[in-house]
Amino acid sequence: MVRRWSPPEVGAPLAKYHHLAAAPADSELLFIAGQVGTDATGTLVGSDAATQARQVFANIEALLTSAGSGPQHLLRLFTMVAGTEHLAGFRSTVEEVFTNWFPDGDWPANSLIVAAALAAPDIVVEVEAVAVVPKRPAD
């Protein structure tokens, strides 16, 4: 089981995350490249942060599922938002998604940066992730 915590010697997290996350010994790390708000056809789903973030998290969940893992196995997220004007929309989607993914409040570690721009002008949210998957027997 993934272990997540925030020790009292450090200030409380500013949002829905923990300062630390540890992988169980019987697992492998899974690194997920930065996901943006494109659907399976590669089409950007919307222009606002809330819509794009919803698709980003759907993409992350699909990738985790394909690897035999799930949101409960996320160790760390690295979030990039293009401009402070998109923070409220992004945060509203985090509230919505994390309520479903982590009903007990056991959130992964997370860093968030506000960037001037991302890979394309219409992309306003990108999220990378690190998760764990059970070790597979050697072939």
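What counts, and where the lines are drawn
- Residues numbered from 1 in each chain as written.
- Predicted model: local features only at pLDDT ≥ 70, side-chain atom pairs only at ≥ 80, totals over all residues.
- Heavy atoms only, no water.
- Core = buried A, V, L, I, M, F, W, Y, C linked by side-chain atoms within 4.5 Å.
- Buried < 20%, exposed > 50% of the residue type's maximum accessible area, 1.4 Å probe, protein only.
- Helix = DSSP H or I, 4+ residues; strand = E, 2+ residues; numbered from the N terminus.
- Contact = heavy atoms within 4.5 Å.
- Expected span 1.5 Å × (residues − 1).
- Arc of directions from axis to C-beta.
- Phe/Tyr/Trp six-rings, centres within 6.5 Å; stacked < 30°, edge-to-face > 60°.
- Lys NZ or Arg CZ within 6 Å of the ring centre and 35° of its normal.

Peer 1: Describe the nonpolar core, naming the residues involved and giving the relevant values.
Peer 2: Judged by nonpolar contacts, the single largest core of 26 residues is most densely connected at F57, I60, L74, F90, F98, W101 and V125. Going through the elements one at a time, β3 (27-35), α1 (49-66), β4 (74-82), α2 (87-101) and β6 (125-134) are the ones with two or more residues in this core. The contacts of F98, once residues within four sequence positions are left out, are K16, F57, L77, P103, W107 and P108. Judged by nonpolar contacts, the second largest core, of six residues, contains M80, A82, A115 and L118.

Peer 1: Describe in detail α1, supporting the description with residues and values.
Peer 2: Note that an α-helix has 3.6 residues per turn; residues three or four places apart therefore point the same way. An ideal rise of 1.5 Å per residue puts 26 Å on 18 residues; α1 measures up with 25 Å between its terminal C-alpha atoms. Within α1 the residues assigned to the buried category are A49, A50, Q52, A53, Q55, V56, F57, N59, I60 and L64. Residues of α1 that are buried sit in contact with β3, β4, α2 and β6. Immediately downstream of α1, the backbone of G68 shows phi near 75°, a positive value.

Peer 1: I'd like a rundown of α2, residues and numbers included.
Peer 2: If you check α2, its first and last C-alpha atoms are 20 Å apart, about what 15 residues at 1.5 Å a residue would give, namely 21 Å. Turning to α2, its buried residues number three or more, namely L87, F90, T93, V94, V97, F98 and W101. All buried residues of α2 project into a common sector of 130° when viewed along the axis, lining one side. With respect to the buried face of α2, the exposed residues turned more than 90 degrees away are A88 and N100. Elements in contact with the buried residues of α2: α1, β4, β5 (109-115) and β6.

Peer 1: Go over the packing of aromatic side chains, please, and point to the residues and values.
Peer 2: Following the criterion strictly, the structure yields six aromatic pairs and no others. Look at F57 and W101: their rings are 5.6 Å apart centre to centre, the planes differ by 80°, and that puts the pair in the edge-to-face class. A residue pair is termed long-range when its members are at least 10 positions apart, and F57 in helix α1 and W101 in helix α2 qualify at 44 residues. Accessibility expressed as a relative area gives 2% for F57, which makes it buried. Members of the aromatic cluster, connected to one another through ring pairs, are F57, F90, F98, W101 and F102. Sitting above the plane of the W5 ring, R3 keeps its charged end 4.1 Å from the centroid.

None of the figures reported here should be taken as evidence of function without further support.
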